[in-house]
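# Structural characterization, general
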Amino acid sequence: MPFSIFNVVIAIAVALLLVRIGLKMLAGFARPVPTPPDPGELRKVRLTYECSLCSTTVRMTMANDEVPEPPRHCMEDMDLITSLDDI
Ligand SMILES: [Zn+2]
């Protein structure tokens, strides 16, 4: 029966198409592996600095380096109070 063979071929083609669409959607949902940014590009950091003079504390969330220059307060460099192991 040539007609049923034709149906099977169509069914296989549709199935393959659905599998491809499904794989594409899965790839879209999959979390992309973060690539290290080029030098000068911003990085997400979670650093906490404390002013040694007045104890003002700031949280840095973006930096151009994983170990950026500390911000200044009271004309002094602030102290990094986050352990670098916690990053
Ligand atoms: Zn201060």
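One numbering rule holds for all chains: residues counted from 1, following each sequence as written. Selection of residues for local features in this predicted model requires a pLDDT of at least 70, selection of side-chain atom pairs for listing and counting requires 80 or more, and totals for whole chains, interfaces and linings are taken over all residues. For the side-chain quantities, the full set of heavy atoms in the structure was used; hydrogens and water were omitted.

### Concerning the overall build of the protein
Scanning the protein from N- to C-terminus turns up one helix and five strands. Secondary structure elements follow DSSP: runs of H or I no shorter than four residues count as helices, runs of E no shorter than two count as strands, and numbering proceeds from the N terminus. The helix and strand sequence of the protein, counted from the amino end, reads α-β-β-β-β-β. Type-normalised accessible area, obtained with a 1.4 Å probe on protein chains alone, sets the label of each residue: buried when under 20%, exposed when over 50%, and partly exposed for intermediate values. A total of 87 residues make up the protein; the buried ones form 11% of that total. Considering only intrachain contacts with a sequence separation of at least 6, the fraction spanning at least 24 residues in the protein is 25%. Each accessible area is a Shrake-Rupley estimate made with a 1.4 Å probe; only the visible protein chains count as cover when residues are assessed. Surface exposure of the protein reaches about 7,500 Å², of which carbon and sulfur atoms provide 63%. Only heavy atoms enter the contact rule, under which two residues are in contact if any of them lie within 4.5 Å.

### A look at the coordination of the zinc ion
For Na, K and Ca the donor cutoff is 3.2 Å, while for all other metals N, O and S atoms count as donors only within 2.8 Å; water does not appear among the atoms, so some sites may look incomplete. Surrounding the zinc ion are the protein donor atoms Cys51 (SG), Cys54 (SG), His73 (ND1) and Cys74 (SG), at 1.9 to 2.3 Å. Around the zinc ion sit four donor atoms; with metal-centred angles ranging over 103 to 117 degrees, the donor geometry is tetrahedral. Judged by its relative accessible area of 2%, Cys51 falls in the buried class. Using a relative accessible area of 38% as the deciding quantity, one classes Cys54 as partly exposed. Key to geometry: four donors with every angle between 85 and 135 degrees are tetrahedral; four donors are square planar and six octahedral where opposite donors lie over 155 degrees apart and all remaining angles lie between 65 and 115; all other sites are irregular.

### Topic: unusual backbone geometry
The bulk of non-glycine residues show a negative phi, and the bulk of peptide bonds are trans. Look at Ser55: it is not a glycine, yet its phi comes out positive at around 65 degrees. Note that Ser55 resides in the loop between strand S1 (43-50) and strand S2 (57-63).

### Description of the nonpolar core
Only buried residues count toward a nonpolar core, which is a set of Ala, Val, Leu, Ile, Met, Phe, Trp, Tyr and Cys residues joined through side-chain atoms within 4.5 Å. Grouped together as the largest cluster of nonpolar side chains are seven residues: Val45, Leu47, Tyr49, Cys51, Met60, Ala63 and Met78. Residues in contact with Tyr49, not counting those within four places in the same chain, are Thr56, Thr57, Val58, Met60, Pro68, Glu69, Pro70, Pro71, Met78, Asp79, Leu80 and Ile81.

### Let's talk about the side chain of Thr82
Within the secondary structure, Thr82 sits in the segment after strand S5 (79-80). Polar contact is the term for a pair of N or O atoms within 3.5 Å; when the atoms are in protein, one must be able to donate a hydrogen and the other to accept it, and sequence-neighboring residues count only if both atoms are side-chain atoms. At a separation of 2.6 Å, a polar atom in the side chain of Thr82 contacts the main-chain amide nitrogen of Thr48. Not counting residues within four places of it along the chain, the set of residues in contact with Thr82 comprises Arg46, Leu47 and Thr48.

### Examining the pairing of S2
At least two bridges found by DSSP between two strands are what make those strands a pair. Pairing of S1 with S2 involves six bridges; the strand directions are antiparallel. Bridge pairing in S2 places Leu47 opposite Met60. Connecting S1 to the next strand, S2, in antiparallel fashion are six residues, including Ser55 with a positive phi near 65 degrees.

No statement about biological role is implied by the geometric values presented.
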